[in-house]
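Descriptive analysis of the structure
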Amino acid sequence: MNIDPPKATVEQDTSSAFHYQALTPDLILTAIETLGIYPETGLLALNSYENRVYQFRCDRGQRYVVKFYRPERWTDAQIQEEHDFSAALAEQEVPIATPVIIDGKSLHEYQGFRFALFPSIGGRAFEVDNLDQLEQVGRFIGRIHQYSQQADFQYRDVMSPKLLGEESLSWLKSSGHIPASLELPYFTVVEQILDKASALWLPESYRSIRLHGDLHPSNILWTPDGPGFVDLDDAKMGPAVQDIWMMLAGDRTQQLLQLEVLLEGYEEFCEFDSRELKLIEPLRAMRMLHYNAWLSRRWGDPAFPMNFPWFAEDKYWEQQILAFKEQLAALDEAPLSLIPQY
């Protein structure tokens, strides 16, 4: 088993890692204090690797989350569009984490770091197997999409096989991270997957709308008042089903039940185009590939070798090949459908 860190042959994202080394606790506290907010407790690091996110309580007893954006990932315009979208959803009474406006701004800067301050949303984990909770989540996703389809993003990305698949594949081919003995089987199955996924992805068959973009269960907290949505960092344009499919888990029968419950709530506010169901497995496949490339791109950040040590092992890539082969088979299956099949 190879336990040495992979050596990339392309330029890794080391600039962000270098900058993050300067993001010391003292700098974080000073940055927060420039907003007139004075932490009373220590900084509790939250589970975020792409950005640096900390929770604290201020001297007035309010709990906040401060988010320092990864340098050079998004432009100011892209971040501001994320903030404006969340604020607009909050005005529509969608329970979503929205940055605090201080001196007329939601995006702040201190010593080269861009950051935003959010009220802390207390809550427990959303239970995807709780059908009552699932229906409520579907209802709010419908409300989000009812509003979001009224206009387009101007600066955020648009989902496509090129963005999620081809660019990820191109990066991995040049990265040097995949063990030489596994390159052929890995790239062979991935290329087969992308061919099938691209063939199923017909932009003319669905409407591209503004999305949360990364709506997996961990980005939903359950509060006494119901769901609370967080982390619009990956907001983008794309098919509505992108904000739905990550709620589906288990075997096909379980997923059909979950889908039925989700859409029952969703369609109280927004019509769902059932043709998009054929995109679920292509989206899953491209997310798998995008995740591989994300780890590769971020390997120069010391937080990644520390938290994902298995990425450097042959066994990880052997498991990925098997997972992609299973996904290739899934792309050949009939898509989920709420219409009985005979």
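Here is a short report on the structure shown in this document. All figures in this text were calculated on a predicted structure; none of them were measured in a lab. Counting restarts for each chain: residues are numbered from 1 in the order of the written sequence. The predicted nature of this model means local features are confined to residues of pLDDT at least 70 and side-chain atom pairs, given and counted, to a pLDDT of 80 or more, with totals for whole chains, interfaces and linings taken over all residues. Note that the side-chain values use all heavy atoms of the structure and ignore hydrogens as well as water.

This next bit is on the sheet that holds strand E6 (residues 124–125). Pairs of strands are assigned from DSSP output, requiring at least two bridges between the strands. Runs of H or I in DSSP of at least four residues are treated as helices and runs of E of at least two as strands, each being numbered from the N terminus. Spatially, the three strands line up as an open sheet ordered E6-E8-E9, and their pairing is antiparallel. What marks the edges here is a single partner per strand, and that holds for E6 and strand E9 (226–229).

Moving on to the side chain of Thr223. Mapping Thr223 onto the fold places it in strand E8 (residues 220–223). In the analysis that follows, any N or O atom pair within 3.5 Å is treated as a polar contact, provided that within protein one partner can donate a hydrogen and the other can accept it, and provided that, for residues neighboring in sequence, both atoms belong to side chains. For Thr223, the side chain forms a polar contact with the main-chain oxygen of Gly226, separated by 2.7 Å.

Below, the discussion takes up the nonpolar core. Among the nonpolar cores identified, the biggest contains 76 residues, and Val137, Leu172, Tyr186 and Phe229 are the most heavily contacted of them. At nine residues, helix H8 (residues 280–297) tops the list of elements feeding residues into this core. Not counting chain neighbours up to four residues away, the residues in contact with Phe229 comprise Val94, Pro95, Ile96, Ala97, Ile121, Val137, Phe140, Ile141, Leu215, Asn219 and Ile220. What we call a nonpolar core is a set of buried Ala, Val, Leu, Ile, Met, Phe, Trp, Tyr and Cys residues that are connected through their side-chain atoms within 4.5 Å. Burial status follows relative accessibility: with a 1.4 Å probe on protein chains alone, a residue under 20% of its type maximum counts as buried, one over 50% as exposed, and anything between as partly exposed. With 19 residues, the next largest nonpolar core counts Tyr20, Ile28, Ala31 and Tyr64 among its residues. In what follows, residue pairs with any heavy atoms lying within 4.5 Å of each other are defined as contacts.

On to helix H3 (residues 76–91). How far a helix is expected to stretch is found by multiplying one less than its residue total by 1.5 Å. Compared with the 22 Å implied by 1.5 Å per residue over 16 residues, the 23 Å span of H3 between its first and last C-alpha is a close match. What H3 keeps buried is the set Gln78, Ile79, Glu81, Glu82, His83, Phe85, Ser86, Ala88 and Leu89. At its buried positions, H3 is contacted by strand E3 (63–68), strand E5 (113–119), helix H4 (131–148) and strand E7 (209–211). Phi turns positive, to about 65 degrees, at Glu93, one or two residues after H3.

The next subject is the pairing of E8. As defined by bridge partners, E6 adjoins E8 across two bridges and the pair is classed as antiparallel. The partner of Ala125 across the bridge, within E8, is Leu221. Note: E8 against E9, four bridges, orientation antiparallel. Across the sheet, residue Leu221 finds its bridge partner in E9, namely Gly228.

An order of E1-E2-E3-E5-E4 is seen for the five strands of this open sheet, with the pairing classed as antiparallel. In the strand order of this sheet, the two ends are held by strand E1 (44–45) and strand E4 (108–110), each with one partner. With six bridges joining them, strand E2 (residues 52–57) and E3 adopt antiparallel strand pairing. Bridging across to E3, Arg52 finds its partner in Phe68.

Bringing the packing of H8 against helix H10 (residues 314–331) into the picture now. In this analysis, axes come from line fits to C-alpha atoms, helices being fitted only over the stretch in contact, and the angle between any two N-to-C directions falls in the range 0 to 180 degrees. Running from amino to carboxyl end, H8 crosses H10 at an angle of 160 degrees, the nearest separation of the two axes being 9 Å. Looking at the two axes, H8 sits roughly antiparallel to H10. Of the two possible hands of crossing, H8 and H10 adopt the one that is left-handed. Of the residues in H10, those in contact with Glu281, Pro282, Arg284, Ala285, Met288, Leu289, Tyr291, Asn292 and Leu295 of H8 are Tyr316, Trp317, Gln320, Ala323, Phe324, Gln327, Ala330 and Leu331. All amino acids are sorted into three groups, where Ala, Val, Leu, Ile, Met, Phe, Trp, Tyr, Cys and Pro are nonpolar, Asp, Glu, Lys and Arg are charged, and the leftover types, Gly among them, are polar. When grouped by side-chain class, the residues that make up the contact of H8 with H10 number twelve nonpolar, three polar and two charged. Angular relationships are summarised with four words: roughly parallel below 35 degrees, roughly antiparallel beyond 145, roughly perpendicular across 65 to 115, and oblique for the angles in between. Take the far helix as the reference: if the near one is turned anticlockwise from it by less than a right angle, the crossing is left-handed, and if turned clockwise, right-handed.

This part covers unusual backbone geometry. Within the chain, Glu93 stands out as a residue other than glycine whose phi angle is a positive 65 degrees. Note on placement: Glu93 falls in the loop between H3 and E4. Under the relative-accessibility criterion, Glu93 is labelled exposed at 62%. Phi is positive for Asp103, close to 55 degrees, though the residue is something other than glycine. Looking at where Asp103 falls in the secondary structure, it is placed in the loop between H3 and E4.

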